[in-house]
Amino acid sequence: MSETLKPLKTVGHPTPRIDALERVTGAGHYTGDVKLPGMLYARVLRSPHAHARIRKIDVSKAEALPGVKAVVTLENCNFVWGAGSVAGGIQYNDEIKKNTRQRRHAFNNPVRFVGDPVAAVAATDRHIAEDALHLIAVDYEVLPHVLEPEEALKPGAPQIWPEGNFALNPRNEQQPMGQKRGNVEEGFRASDHVFEDRYSTAFVHNAQMEPRACVAQWEGDKLTVYTPTGGIANCRHDIARDLGLPDDNVRVICQYMGGNFGNKNQNQDADLITASLAKLAGAPVKLELSRKEDFIGMHGRWPTVQYYKVGVSNDGTLKAIQLRGFSGMGGYRKNSGAIGGIECYQCPNIETVITPVYTNKTVSGNFRGPEYPQGYFGIQSMMDDVAYKMKMDPVDFVLKNMTRKANDSAEYTNYTLEECIRRGAEAFEWKKRWRQSPGSDPGPVKRGAGFAFMSFRSGVGHSNAILRVDSKGRYFVHVGVTDVGAGAKTTMGLIAAEALEVPLSQIEVVWGDTGRCPFSVGESGSRTTIMTGHAVIEAAQDLKKQIAEKGLPKGSDFLTASAGPTPRIQGGKVRNTFGAHFVEVEVDTELGRAHVTKYLCVHDCGRVMNPLTGISQIKGGAIMGIGMALHEDLVYDRASGAPLSAGYYGARISTHRDVPDVEVMFIESDDGYGPYGAKSMGESSKVPAVAAVGNAVFNAIGRRMKDLPITKDKIIGALA
Amino acid sequence: MPKSKAKGRISRRKFIEGTGVAVVAATAAPAIHAQSPPETAPGVPHTAIRVTVNGKAQRIEVEDRWSIAEMLRDHLGLTGTKIGCDRGECGACTVLLDGKPVYSCSNLAVWADGRTIQTVEGLARGDELDPLQHAFIEHDAPQCGFCTSGQLMSAKALLNSNAHPTREEVQAAMTGNICRCSNYNRYVEAVLAAAAMPAGKRSNSTAGRKRAKQGGLS
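In this text, all values refer to a predicted model and were calculated from it rather than measured experimentally. Throughout, a residue's number is its position along its own chain's written sequence, starting from 1. Each chain gets a letter, beginning with A, and each ligand a number, beginning with 1, in the order they are written. In keeping with the model being predicted, local features are shown solely for residues with a pLDDT of at least 70 and side-chain atom pairs are shown and tallied solely at 80 or more, while totals for entire chains, interfaces and linings include all residues.

A. Seen up close, the sheet that holds strand β17 (residues 445-457) of chain A. Residues and elements named next belong to chain A. Taken together, the four strands give an open sheet; going across it, the order is β17-β22-β23-β24, and neighbouring strands pair in mixed fashion. Looking at which strands have only one partner, the edges of the open sheet turn out to be β17 and β24 (662-666). The mean inter-strand angle of the sheet, taken between neighbouring strand axes irrespective of direction, is 15°. Strands are labelled as partners when DSSP assigns at least two bridges between them. Think of it this way: any DSSP run of H or I at least four residues long counts as a helix, any run of E at least two long counts as a strand, and we number them from the N terminus. One ladder, built from eleven bridges, connects strand β22 (residues 576-588) with strand β23 (residues 593-604); its direction is antiparallel. Paired with Phe578 across the two strands is Asp604, which belongs to β23. Throughout, a pair of residues is in contact if the C-beta atoms placed from their backbones lie within 7 Å. All axes here are fitted lines through C-alpha atoms, helices being fitted over the stretch that makes contact, and every angle between N-to-C directions spans 0 to 180 degrees. Contacting β17, β22 and β23, helix α17 (residues 689-701) crosses the sheet at an angle of about 155° to β17.

And the structure:
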């Protein structure tokens, strides 16, 4: 159970963002707002084919167009984009990027999806650059394509890579991912009941509001890149490595960023293409992607197919869980393709075998809880179904079978999962809202309730911070965060103010510029508050000591403290964050429309650094999860392999009218790790949301919806 | 040898004209005193327009193909208006044209001739924030902030015509403004709070916060 936290002076109180004024007056400078003297505008020509070999590219007419200053193709811009295909999701390992056989370049031949870059143009005006694209003649030999992972593994399927469509791992082997504990075959034999089912999830795009843009400027052999990245340090290192420059020659600046949601803690092909154009043109270049290009040329969540087999005893105790999964990676394996979720159950025998598969769809990458929302949808729908089949309340089934130790062996640093579920069920009035007999409401409009829970990583690790104080007692906090929208700048300011025992108004946060900020882990994996926050505390303690010894500096002097701690969890424990989501839906069975009428999130994120922004984070993740459950999809034309719904409207991203009021309840605990007890938050609320909504739909209509998204046609079809 | 040809793609101007809205004649009248230096590309049809932006009447030379968003962002330096999709889907570029909310990416600059535009930069009066801006700060309405200008302008138009909207009316009025951070609850809360704010409290109190440092940009 959670202990009462000691209140702090600054941390833990609802505080408006320190840059809120900029965000409501239009004064925040995002990458697309950067305008440099003599800057050119760039556009990218992309493959219209899902799979094709380029025989020839003729750019002469484009180059001859007045105003065009540079054209790049794979012939004069052949950089390996290390982060574009890291063969297994190992983002930060240079050796792997060097060794992998399945490398992605800034431009590739063959092209492997509709949207694969083919050429890029820089011109004095964006309209001229657009016109120039039409003058580039590309001779394609169109190759057969395949879109679905299971089809791609069949004999005779079109081969996207010479080694086949089973994506290689970092050691260039075709090895499935997975884990094993006990013996599932024995487990199934010892079970009284064995259930099997198939679930599938769709490609959903990050769709952050800011379309990708990049501005690159060379001064001699020094390069400055303005680009939307959640990790300026990693982005800089990636750009430098890919272009063959020392890290110190590259400066990455991201002052404001219009949303992240994953796979932006590194560089992108747009950065390499823009830098190449700027070099060739001898002028700064701004590349702007259209919304459609952002949808098809960037990345989204990997679609999956999940086959489960679950064994239980008569009293509803799990005996064995088996998962065979397939993840569609698109033409390149940008991230792992893993499918998570089984680990949140206690079970002596488990086995997961997950195959990452190349397809000719848009590339998949990390998106808010990379392998979890889709994996949780699969396993927690499956388990929900098992609970009903065992004539158990799904909440009781989970309380019986949920994780109590990590992988059934390691202690958690603290454990509040049961409290999250019990308190959530009570506040939600689960017993009242949940239909014991699914689909039993009379009439065409039926209500039902569902729930899902989560246990999600919240590790500690290395990051840096530099703090300075001047003679006036102003404190400068240099941190390599961008603040992608989660409020990292403000959080760092709050932590510094708390640790220095000064008011927030005396703190100036310096962020988003590798020229002025030390290494930060980058805003991915819900790690910034924990890791960079810890570094801020250590630097603050050092600075306080210096001030105690020497007093405040005089005149133009500064006192400076730097910290780069690498904390570790002691005693083989595992640090996780816990939560449970309870959802009530109303389904119009005549129209097929499912609508969320009540949504409660209960989260233990440790101490909540800033409840104002923290609640926003949790709400946002839950609402994204509702969208993924009910309508988001990137639909493809099977015949041509072309995406048909690339855009906000087509991909059915949630709008104001789609969303319920999401209630958020925090259970705050301090396990002794993290800055003032903070745990991870950013991704966590999306993780169980999709499954919770799906389970509520089942409870309302009595039909198990196994394929995402749960659209109107599928609901009507299931009830027909 | 199959050659892929650039398809006869429709230009932005043709597309927007095709939506059936009347277009201001595109005869190129010479600018007498353009407010911003003429940045129009040579050989491209351009037009001198008179437009009042955030209360300031100006005469500027615009290319006929520019959208209002492009004119504001690239030629008037008003980058608070964001382009999220450039095709009328997301609402990040919403501005008020003669008081009505429009997607500035889907309206040509020449259409603004003789009209008034209000952008996010024109919401505050000097140092005094609009009540909506106050409420957006206090209710943490912007997460990443990229859609915020558009949300503000849609909300402004709503409150101008309906000072005390219901929750449903706010959602309906702003449904053309997408927020991928999905901070919809906060936006609605903030608009309702601004509408409920007594006139006396609408002064610039919380915004006295020091502007955060913003170096590094030219």
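Read on for the rest.
B. Geometry of the packing of helix α7 (residues 232-243) of chain A against helix α8 (residues 269-281) of chain A. All names here are of chain A. At a minimum axis distance of 10 Å, the contact between α7 and α8 shows a crossing angle of 55°. As judged from the angle between their axes, α7 and α8 are oblique. Judged by the sense of rotation from one axis to the other, the crossing of α7 with α8 is right-handed. On α8, the residues that touch Ile239, Asp242 and Leu243 of α7 are Asp271, Leu272 and Ala275. Any angle between 65 and 115 degrees counts as roughly perpendicular, while under 35 counts as roughly parallel, over 145 as roughly antiparallel, and the rest as oblique. A crossing counts as left-handed when the near helix is turned anticlockwise from the far one by less than a right angle, and as right-handed when that turn is clockwise.

C. Spotlight on the interface of chain A and chain B. Counting residues at the interface gives 64 residues for chain A and 59 residues for chain B. With seven residues, helix α16 (residues 611-630) of chain A is the single largest residue contributor to the side of chain A that touches chain B.

D. Representation of helix α12 (residues 417-428) of chain A in the model. Residues and elements named next belong to chain A. Under the convention used throughout, the expected extent of a helix is 1.5 Å for every residue step, that is, one less than its residue count. Relative to the 16 Å expected for twelve residues at 1.5 Å per residue, α12 spans 16 Å between its end C-alpha atoms, a close match to the ideal helical length. In this scheme the burial state of a residue depends on its C-beta neighbours within 10 Å: 20 or more other such atoms mean buried, 12 or fewer mean exposed, and anything in between means partly exposed; the C-beta positions come from the backbone. Restricting attention to buried positions, one finds in α12 the residues Leu417, Cys420, Ile421, Gly424, Ala425 and Phe428. Taken around the axis of α12, the buried residues stretch over an arc of 120°, which confines them to a single face. Considering only its buried residues, α12 is in contact with α11 (394-401), α13 (430-433), β17, β22 and β23. Two residues or fewer after α12 comes Glu429, characterised by a positive phi angle close to 60°. Starting at the helix axis, one direction is taken to each C-beta atom, and the arc is that of these directions.

E. Highlighting the pairing of strand β9 (residues 213-219) of chain A. Residues and elements named next belong to chain A. With five of its seven residues buried, β9 lies for the most part within the structure. Judged from the five bridges that link them, β9 and strand β10 (residues 222-226) form a sheet pairing that is antiparallel. For Ala216, the partnering residue across the bridge sits in β10 and is Val225. From the end of β9 to the start of β10, which pair antiparallel, there are two residues, and Gly220 there has a positive phi angle of about 65°.

F. Up close: the confidence of the model for chain B. Residue and element names in this part refer to chain B. Confidence scores here are pLDDT values: one per residue, from the predictor, ranging 0 to 100. Of the residues in chain B, 73% have a pLDDT of 70 or more, and the chain-wide mean is 81. Segment residues 1-10: pLDDT under 50, and ten contacts once partners within four positions in sequence are set aside and those in other chains are kept. Note on the complex model: pTM 0.93, ipTM 0.96.

G. Unusual backbone geometry, seen in detail. In this structure, the amide linkage connecting Asn109 of chain A to the following residue, Pro110 of chain A, adopts the cis form with an omega of 5°. Assignment of secondary structure puts Pro110 of chain A in the loop between α3 (94-99) and β4 (117-123). Of note, the bond from Leu708 of chain A into Pro709 of chain A is cis; its omega dihedral lies within 30 degrees of zero at -10°. Looking at where Pro709 of chain A falls in the secondary structure, it is placed in the loop between α17 and α18 (712-719). Of note in this structure, Ala207 of chain A is not a glycine but carries a positive phi near 55°. Inspection of the secondary structure puts Ala207 of chain A in the loop between β8 (204-205) and β9. We classify Ala207 of chain A as buried; it has 28 C-beta atoms within 10 Å. Positioned with a positive phi, Asn54 of chain B is a non-glycine residue whose angle comes to about 50°. With respect to the secondary-structure elements, Asn54 of chain B resides in the loop between β1 (46-53) and β2 (56-63). A residue is classified by how many C-beta atoms lie within 10 Å of it, and Asn54 of chain B, with 18 of them, is partly exposed.

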